[in-house]
Amino acid sequence: MEIKEIRVFKMNLALNESFSISFKTYTQAQNVLVIIETDEGIEGYGEGSPDKSITGDSQEEALSFLRVVAKRLVGKPVDIDLIHENLKTIESNLGFKSQTGKAAIDMACYDIIGKKLEKPVYRILGLAKPNLVPTSLTIGIKTLEETVRSARKYMEAFEKNGLKRIKLKLSGNPEEDIRRVMKLSEVFPGEITLDANQGYKNPEVAVKVFNKLYKSIGSRILFVEEPCPKGDLAMMKYVNDNSPIPVIADESVTSIEDAEKVIRQKSASGINIKLQKSGGIYYASIIAKLAGEKGFKLMVGCNEETHLAISASVNFVAGTPYISSADLDSDILLNLNITNENPVDSFKEGCRVPAEKPGLGVRIADWLKAIINGQIFLAPMA
Ligand SMILES: [Mg+2]
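Residues numbered from 1 in each chain as written. Predicted model: local features only at pLDDT ≥ 70, side-chain atom pairs only at ≥ 80, totals over all residues. Heavy atoms only, no water.

1. What about unusual backbone geometry?
Unusually for a residue other than glycine, Glu118 sits at a positive phi of about 55°. With respect to the helices, strands and loops of the structure, Glu118 is situated in the loop between helix H4 (99-117) and helix H5 (121-124). Overall, Glu118 belongs to the exposed group, its relative accessible area being 65%. With a phi angle near 70°, Gln198 is a residue other than glycine that sits in the positive phi range. Looking at where Gln198 falls in the secondary structure, it is placed in the loop between strand S6 (191-195) and helix H8 (203-217). The buried category is assigned to Gln198, whose relative accessible area is 14%. (Helix = DSSP H or I, 4+ residues; strand = E, 2+ residues; numbered from the N terminus. Buried < 20%, exposed > 50% of the residue type's maximum accessible area, 1.4 Å probe, protein only.)

So, in structure tokens, the structure goes:
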């Protein structure tokens, strides 16, 4: 089976509410959509969600990478190893990397392979029964009152989905963070995870904050992601070694090489793998194996991704041993959907559950198909 055509689209989608982390506020997803068609008439879908400070590539870079890929991969067999070899060559010719461009192509190829074999992607990855792990729903940086309101809203809206875990974004302001975490723990009886997104410039302050929180709340706080500036592994190790709350490396681990460094230096207790950082399921599987075999905690997170890319991550988690935690919520919370499926339907008993359907198990929404096939003409604004 060969690639007949690759179509690439710029896809900007407004979020239903703005979302703040320690170093930025998001109001829209600036993503890319890829549709690959094969000579057997099978269509595969992929999505890239670039974010320069996290994935290393911008939307424009992902698009210019994919425009070249769209030309060069035509006529090539849909073979994952071979495709990634080609993508690597294209990157080195271009002189820049696009992790999210690779991720989009990777997902679309897995989607095609799954459809061809009539199996969900998680089974292609090697598990007969899905590995189901709890997912968190995230609360961004907000005032104390808004944090409480969001927690109550999640508890009410997702009680039937078995919500058991909330992730709170930290600002790096110790008093504010402690107040918000303590308040959340009063309002929400379940498990809590934290994400500082590099907010703590001083690791000793971070250690003090986490010790204090642990003393009051204990092991209900499962872990904290990326407390200190990205890439400073010595700082991260100091916090991990001195905090009763385990540290998970996120922004500091994009590539396999980054993961190897963290594993070797034991800079963290775990790694947050994202398909958008690693360059797709292919590389994410390698990182999971390397870190999982060494006993590192593994979670899978997301960027501002629609239900399409999230379905790829849900399949990746379901098909990969070692992964014990997920933070796959952008399609549900930010109302990002370009498929005919309802994201909330795959949130069951606190976990994201893959569809027992071939490939990624999602279909591009009819309204989007109409737009990209040019059947809907949007008149320019007067
Ligand atoms: Mg994170």
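2. Concerning the coordination of the magnesium ion
Ligation of the magnesium ion by protein atoms is provided by Asp195 (OD), Glu225 (OE) and Asp250 (OD), these donors lying 2.1 to 2.2 Å from the ion. For the magnesium ion, all donor residues lie on one chain, and their spacing in sequence is D-x29-E-x24-D. Of this pair, Asp195 sits in strand S6 while Glu225 sits in strand S7 (residues 221-225); the two residues are 30 residues apart in sequence, bridging distant segments of the chain. Residues Asp195 and Glu225 agree in their burial class; the two are buried. (Donors = N, O, S within 2.8 Å, 3.2 Å for Na, K, Ca; no water.)

3. Overview of the side chain of Glu305
The residue Glu305 is located in the loop between strand S10 (297-300) and helix H13 (307-318) in this model. Here Asn303 takes part through its backbone nitrogen, which lies 2.6 Å from a polar atom of the side chain of Glu305. Other than its neighbours up to four places away in sequence, Glu305 contacts Asn31, Glu47, Ser49, Gln276, Ile310, Ser313, Ser330, Asp331 and Leu336. (Polar contact = N/O pair within 3.5 Å; in protein donor to acceptor, adjacent residues only side chain to side chain. Contact = heavy atoms within 4.5 Å.)

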